[in-house]
Amino acid sequence: MSKVRIKICGLTRNQDVQVAVAEGADALGFVLYAPSPRAVTAEQAALLIKDSPAFVTTVALFVNESAEEIVRALTVCSFDLLQFHGDETPQFCRQFNRPYMKAIRVRSAEDIHRAVQQYPDAKALLLDAYVENLPGGTGQAFDWRLIPELSIPWVLAGGLNANNVADAVNQVQPFAVDVSGGVEASKGIKDRQKIKDFISEVRNVER
Ligand SMILES: O=C(O)c1ccccc1NCC(=O)[C@H](O)[C@H](O)COP(=O)(O)O
C-alpha cells in the first residue's frame with residue numbers, strides 16, 4: 001500500500017503544530033472561518049507555521065470567503081494549498097493560482113461523481129460528512145461504502161480517530177486522511193497522545 005498522507009486540521013497552538021510535525025504529519029490545516037471554534041486569522045497562522053519545516057504542506061481552509069479576503073490572507077501567509085468547504089465554484093477556486101482541494105459533504109455517491117466532474121483541476125477532493133448547517137469539523141463519519149472507485153486523489157475526512165482510521169484506510173485506501181476532532185482534548189486544542197496514536201495507526205496499516 002502506498003504511503004497514506006496525513007493532515008492534522010484545526011491547529012491553533014504552536015505546541016500542537018510542533019507535535020504534528022514531530023510525529024510526521026504531511027499537512028497542517030488552519031481554519032480561516034471565523035464561526036469555527038478552531039478559527040485562526042491569517043496573521044495567527046503565519047506565526048504558527050513560521051518554523052514549520054519544508055516538505056510539510058500548509059493548508060488554508062475557507063468557507064464561502066470573499067476573493068478579496070483570500071487574496072489578503074495569502075499576502076499575509078503563503079499557504080501551500082487552499083481548501084474550500086463552501087459553495088465555491090471551480091472558477092472561484094482557481095482564481096488564486098494556488099493548488100486547491102474542494103471539500104464535499106457526502107450524502108450520496110452521486111455527490112462525489114458530480115464533484116469529480118465539476119472540479120477537474122482540484123488537487124484532490126476531500127470527502128467529509130454531511131451535517132446540516134455545519135460546513136465541516138463535525139466529528140461525524142459518513143458511510144464509507146458510498147465512496148466509488150475514483151481516478152483522482154481524494155482525502156477521507158469526518159469523524160476519524162485512532163480507533164477507526166486503520167479500518168478506514170484498509171476499507172477505502174484513500175490518498176490521504178484528514179482529522180480534527182479525533183485528535184483533540186477540546187475544540188482547537190489538540191491532544192499530543194491522540195495525535196501520536198492517530199499517526200501511528202495510519203503508519204502501521206501501511207507496513
Ligand atoms: O474544523 C472546523 O472547525 C471546520 C469548520 C468549518 C469548515 C471546515 C472545518 N474543518 C475542515 C476539516 O478539514 C476538518 O478536518 C474535517 O472537516 C474533519 O473534521 P473532524 O470530523 O472533526 O475530524
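Refer to the structure printed above.
Each chain has its residues counted from 1, following the order in which its sequence is written. Per-residue local features of the predicted model are confined to residues with pLDDT of at least 70, and side-chain atom pairs are confined, for both listing and counting, to 80 or more; whole-chain, interface and lining totals are unaffected and use all residues. Side-chain measures here rest on the full set of heavy atoms in the structure, leaving out hydrogens and waters.

Undergrad: Sorry if this is basic, but what is going on with the site of the ligand here?
TA: For this description, a residue counts as near a given molecule or strand if any of its non-hydrogen atoms is within 4 Å of it. In the neighbourhood of the ligand, 22 residues make up the surrounding shell, with Ser36, Asp128, Gly137, Asp178 and Gly181 lying closest. Counting of polar contacts relies on pairs of N or O atoms within 3.5 Å, with two restrictions inside protein: one atom must be capable of donating a hydrogen and the other of accepting it, and residues adjacent in sequence are counted only when both atoms are side-chain atoms. At 2.7 Å, a side-chain N or O of Ser36 approaches an oxygen atom of the ligand. At 3.0 Å, a side-chain N or O of Arg38 approaches an oxygen atom of the ligand. The classification used treats Ala, Val, Leu, Ile, Met, Phe, Trp, Tyr, Cys and Pro as nonpolar, Asp, Glu, Lys and Arg as charged, and all other residues, Gly among them, as polar. Along the lines of polarity and charge, the residues of the shell around the ligand split into 7 nonpolar, 11 polar and 4 charged.

Undergrad: What am I meant to see in the packing of aromatic side chains here?
TA: Each pair of aromatic rings is reported with the distance of its centres and the angle of its planes. Ring pairs shown here join Phe, Tyr and Trp side chains whose ring centres sit within 6.5 Å, with only the six-membered ring taken for Trp; geometry is labelled stacked below 30 degrees between planes, edge-to-face above 60, and tilted in between. This model, assessed by the stated rule, comprises 6 aromatic pairs. Taken together, a centroid distance of 5.4 Å and an interplanar angle of 75° make the contact between Phe92 and Phe96 edge-to-face. Taken as a pair, Phe92 and Phe96 share a single burial class, namely buried. Through a chain of ring-to-ring contacts, three or more aromatic side chains come together here, namely Phe62, Phe84, Phe92, Phe96 and Tyr100. The buried label goes to any residue with under 20% of its type's maximum accessible area, the exposed label to any with over 50%, and the partly exposed label to all in between, with areas taken from a 1.4 Å probe on protein chains only.

None of the figures reported here should be taken as evidence of function without further support.
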